[in-house]
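Observations on the model geometry
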Amino acid sequence: MPFPHISISKQQALSFDVMKQIDYHAIKAYDLPIILMMENAGYHLARITAMSAHKNDKICIGVGKGNNAGGGLVAARRLKAWGYHVFLDVVETELNPLAAEQLQRALAFGVSVKKIADPDIFIDAYFGFSQRFPLPKKYIERIKQINGNKALKISLDVPTGLPESLNETAIYLQSDIIVSLAYPKKVLYHPTLSASIYVVDIGIPKQAFLDFEVSMPIPFEKSGVYRLVQV
């Protein structure tokens, strides 16, 4: 994929807690709407997916009920608009209001709500870094099923089931590609992970990171997507 590389160490990467604080700070201090960050995340996710996809591929996107699901649903809408075959595994009966809005938009574009067993590409947008453990059984079952098929697996922000303190018994989605939002998370540096990691701009201003003394804000003014080189 023709994106520039950026080197960021595990020490420079962010914990889930700090990233949540920066997210909240950007919303409150800089009047950055969540729905705008969601749109940016979904666009980059769709773009990276399209660079790995063929037009006849079946793309299945797994969504939960929160904001990460909303990013996946934006990607569904974008990919459908670009002519791809897109299906949704919608796990929950009730989504949060923003994700529900994105679901309606995706449906209006012709995306199908249908869990398919044999996708060519599977996009994991179930939780992101807001996931809580232990995961509900229905998500663990899905992870096991997806890990057992041959689909290209792409996770939005953080693979579902991947805890910050990774242990040998953890059941998590074995992603081939991870689209990390705004900044790399420390959990992505575990030696058992082999995914290609891309860090994408979702609109959080550089100053929001500097407000939290992040020493190396990513220069998104040069490129909205970077491939992460772990050092």
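Up top you'll find the structure we're talking about.
Thresholds, definitions, all that
Residues numbered from 1 in each chain as written. Predicted model: local features only at pLDDT ≥ 70, side-chain atom pairs only at ≥ 80, totals over all residues. Heavy atoms only, no water. Pairing = 2+ DSSP bridges. Helix = DSSP H or I, 4+ residues; strand = E, 2+ residues; numbered from the N terminus. Contact = heavy atoms within 4.5 Å. Axes fitted to C-alpha atoms, helices over the stretch in contact; angles between N-to-C directions. Expected span 1.5 Å × (residues − 1). Buried < 20%, exposed > 50% of the residue type's maximum accessible area, 1.4 Å probe, protein only. Arc of directions from axis to C-beta. Salt bridge = Lys/Arg side-chain N within 4 Å of Asp/Glu carboxyl O. Phe/Tyr/Trp six-rings, centres within 6.5 Å; stacked < 30°, edge-to-face > 60°. Core = buried A, V, L, I, M, F, W, Y, C linked by side-chain atoms within 4.5 Å.

Before going further, it helps to examine the sheet that holds strand β1 (residues 5–8). If you trace the 9 strands from one edge of the open sheet to the other, you get β1-β9-β8-β7-β6-β5-β2-β3-β4, paired in mixed fashion. Whereas interior strands pair on both sides, the edge strands pair on one side only; in this sheet they are β1 and β4 (112–113). Where strand β3 (residues 85–90) meets β4, 2 bridges bridge the pair, whose relative direction is parallel. Residue pairing across strands places Phe 87 opposite Ser 112, the latter belonging to β4. Packing against the sheet, helix α2 (residues 34–50) makes contact with β2 (58–63), β5 (121–125), β6 (152–156), β7 (177–181), β8 (196–200) and β9 (225–230), and its axis sits at approximately 160° to β7. Packing against the sheet, helix α3 (residues 67–81) makes contact with β2, β3, β5, β6 and β7, and its axis sits at approximately 160° to β2.

Here helix α1 (residues 16–29) spans 20 Å end to end across 14 residues, near enough to the 20 Å set by a 1.5 Å rise per residue. Residues of α1 that are buried: Phe 16, Met 19, Ile 22, Asp 23 and Ala 26. Looking straight down α1, one finds its buried side chains confined to an arc of 125°; they lie on one side. Opposite its buried face, α1 presents the exposed residues Tyr 24 and Lys 28, each directed more than 90 degrees away. At its buried positions, α1 is contacted by α2, β7 and α6 (206–211).

Attention now goes to the pairing of β9. Looking down a regular strand, the side chains alternate between one sheet face and the other. Two strands pair when backbone bridges link them, and β1 and β9 are joined in this way by 4 bridges, in the parallel orientation. Along β9, the bridge assignment pairs Ile 8 with Gln 230.

Enumeration according to the criterion identifies 8 salt bridges in this entry. As a salt-bridge pair, Asp 157 and Lys 185 come within 2.8 Å of each other at their nearest N and O atoms. With Asp 157 in the loop between β6 and β7 and Lys 185 in the loop between β7 and β8, this residue pair connects regions lying 28 residues apart in the sequence. The same class applies to Asp 157 and to Lys 185, which are both buried. A network of salt bridges, in which partner residues are shared, links Glu 39, Arg 77 and Arg 78.

For β6, a buried count of 4 out of 5 residues is recorded, marking the element as mostly surrounded by other parts of the structure. Two strands pair when backbone bridges link them, and β5 and β6 are joined in this way by 4 bridges, in the parallel orientation. Directly across from Ile 121, in β6, lies its bridge partner Leu 152.

Along its 17 residues, α2 runs 24 Å from first to last C-alpha, staying within 8% of the 24 Å computed at 1.5 Å per residue. Every buried residue of α2 is listed here: Met 37, Met 38, Ala 41, Gly 42, His 44, Leu 45, Ala 46, Ile 48, Thr 49 and Ala 50.

To continue, consider the packing of aromatic side chains. Enumeration over the complete set of coordinates arrives at 8 aromatic pairs. Summarising the aromatic geometry, the rings of Phe 3 and Tyr 198 are spaced 5.9 Å apart at their centres and angled 75° between planes, so their arrangement reads as edge-to-face. Highlighted residues: Phe 3 in the segment before β1 and Tyr 198 in strand β8, separated in sequence by 195 residues. Given a relative accessible area of 8%, Phe 3 falls into the buried group. Look at Phe 220 and Tyr 226: their rings are 6.2 Å apart centre to centre, the planes differ by 50°, and that puts the pair in the tilted class. The burial state of Phe 220 is the same as that of Tyr 226; both residues are buried. An aromatic cluster of three or more residues is present, and its members are Phe 122, Tyr 126, Phe 127 and Tyr 139.

Core analysis: the largest hydrophobic core is formed by 68 residues, its most contacted members being Met 19, Ile 61, Leu 79, Ile 204 and Phe 209. The dominant element in this core, judged by the number of residues it contributes, is α2, at 6 residues. Core analysis: the next-biggest nonpolar cluster, separate from the first, contains 13 residues, Cys 60, Phe 87, Tyr 139 and Ile 143 among them.

The analysis is restricted to geometry; functional conclusions fall outside its scope.
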